[in-house]
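# Chain and residue survey
Below, each chain spelled out in residue letters.
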Amino acid sequence: MTALPPAVRRRLAGAPIQIDGNVLDPDLQLLLRLEGLLPGAKKQSVATARANLLSVSKLVAGHPRELLRVTELTVRGADGQLGARLYVPRAAPSSGGGLLVFFHGGGWVVGDLDSHDAYCRDLAEEAGIRVLSVDYRLAPEAEAPVAAEDAIAAFSWAIEHAEDLGADPSLVGVGGDSAGGNLSAVVAQQCVLRGLPSPALQVLLYPAVDLAYRRPSRDLFAEGFFLTDEDITWYLNHYTPDPAIRKNPLVSPIYAEDLSGVAPAYVVTAGFDPLRDEGNDYATRLRDAGVPTTHTCEPTLVHGFANILALPGETRAAQLRITTTIRAALNPTP
């Protein structure tokens with residue numbers, strides 16, 4: 001598809017889709033038309049959903065970036081060791097550079113180190129920082145808030161071992177996409193509440209921050225934009241089968257009473273994402289609490305766009321805006 005001339009891709013995509021004042025990126029629109037040809041359009045068993053995500057992630061990832069080094073290791077979780085992967089870019093200093101502890105998306109049910117391998121490679125190389133991707137425990141085997149406690153423990157381990165990882169402890173951030181953005185927001189909050197060293201930056205890519213309340217964007221984009229309302233319900237029922245826990249800030253960070261003092265935030269939302277409104281609201285709450293916050297809403301894009309590395313145009317431009325912002329915050333070199 002990407003080999004076709006842009007004019008041809010636009011014709012194949014069909015008439016422009018405009019909702020809520022935003023016009024969908026034509027390359028994404030074409031990909032959506034092809035979505036029915038890809039595996040994993042509907043959730044079935046957990047095992048099938050996990051396999052489908054891995055298959056789709058490889059189809060849209062493009063060619064994985066070559067790095068200086070990629071190392072498998074283990075980090076501390078809330079109850080034992082977790083698998084992790086350290087990505088070292090070619091331009092990284094031998095010591096003292098920035099590090100982003102990364103938690104993958106997938107609704108706390110699917111996703112792993114491999115599903116987000118291409119993105120972590122791209123992020124490390126473009127931002128010029130080390131990236132530590134953590135394989136936290138998933139539901140339904142581990143219900144909420146196990147993933148959150150794993151994330152807190154893993155981030156604390158990364159701070160303690162930053163120098164061993166080649167990083168400056170003062171330049172360790174936390175970030176993730178979707179469910180991983182949720183976990184990153186929780187880490188930033190809990191570091192303050194538990195008296196732990198805080199991240200230098202929290203990177204929240206189209207985060208799921210409210211598992212209890214339904215906002216208008218969830219209805220506007222309930223069908224047809226990759227993440228569907230049916231998907232969200234499926235994830236919630238696996239991660240939080242008891243709805244009573246969904247307003248716990250360990251699960252829904254937007255319900256924290258006080259956000260003052262949490263790490264500086266970089267929040268990215270997407271115009272055609274059912275999670276758009278809750279991400280926008282969380283960015284507003286952070287600002288209102290006095291937290292230095294950069295918020296970008298990518299109006300033409302959909303949930304999950306950061307992982308669609310094979311597409312040119314606006315998707316790629318948005319990905320580069322993300323890495324440029326992270327580079328400025330966590331990479332001390334010019």
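Residues numbered from 1 in each chain as written. Predicted model: local features only at pLDDT ≥ 70, side-chain atom pairs only at ≥ 80, totals over all residues. Heavy atoms only, no water.

## Concerning the side chain of Thr228
- Its place among the elements puts Thr228 in the loop between helix H7 (216-220) and helix H8 (229-239).
- Reaching out from Thr228, the side chain makes a polar contact with the backbone nitrogen of Asp231 at a distance of 3.0 Å.
- Excluding residues within four positions of it along the chain, Thr228 makes contact with Ala222 and Glu223. (Helix = DSSP H or I, 4+ residues; strand = E, 2+ residues; numbered from the N terminus. Polar contact = N/O pair within 3.5 Å; in protein donor to acceptor, adjacent residues only side chain to side chain. Contact = heavy atoms within 4.5 Å.)

## Remarks on the environment of Thr48
- You can see Thr48 is positioned in helix H3 (residues 46-60).
- Linking Thr48 and Val186, residues 138 residues apart in sequence, is a C-alpha distance of 28 Å.

## Regarding the state of the cysteines
- Across all of its chains, the model carries 0 disulfides by this definition.
- Cys191 forms no disulfide, and the closest cysteine sulfur to it belongs to Cys120, at a distance of 19 Å.
- Given a relative accessible area of 1%, Cys191 falls into the buried group. (Disulfide = S-S within 2.5 Å. Buried < 20%, exposed > 50% of the residue type's maximum accessible area, 1.4 Å probe, protein only.)

## Regarding unusual backbone geometry
- A cis geometry characterises the amide bond from Ala139 onward to Pro140, with omega recorded as 5°.
- Relative to the elements of secondary structure, Pro140 occurs in the loop between strand S6 (130-134) and helix H5 (146-160).
- In this chain, Ala144 is followed by Pro145 through a cis amide linkage whose omega measures 5°.
- For Pro145, the position within the fold is in the loop between S6 and H5.
- Of note, Phe226 is a non-glycine position whose phi angle comes to about 70°, a positive value.
- Take Phe226: it is sitting in the loop between H7 and H8.

## Some remarks on the sheet that holds strand S10 (residues 293-302)
- On the basis of which strands lie adjacent, the open sheet formed by 8 strands has the order S3-S4-S6-S5-S7-S8-S9-S10 and mixed pairing. Single-partner strands in this sheet number two, and they are strand S3 (69-77) and S10. Across this sheet, the average inter-strand angle for adjacent strands is 20°, counted without regard to direction.
- Examined bridge by bridge, strand S9 (residues 265-272) and S10 share 7 bridges and lie parallel to one another. Bridge assignment links Val268 to a residue of S10, and that residue is Thr296.
- Sheet strands in contact with helix H4 (residues 117-127) are S3, strand S4 (80-88), strand S5 (97-103), S6 and strand S8 (202-205), and its direction is about 50° off that of S4.
- Each of S5, strand S7 (167-177) and S8 touches helix H6 (residues 179-193); the most contacted strand, S7, lies at about 135° to it. (Pairing = 2+ DSSP bridges. Axes fitted to C-alpha atoms, helices over the stretch in contact; angles between N-to-C directions.)

## A short note on H4
- Of all 11 residues that make up H4, 10 are buried, and the element is covered over most of its length.
- Burial in H4 covers these residues: Asp117, Ala118, Tyr119, Cys120, Arg121, Asp122, Leu123, Ala124, Glu125 and Ala127.
- The secondary structure elements touched by the buried residues of H4 are S3, S4, S5, S6, S8 and helix H10 (313-330).

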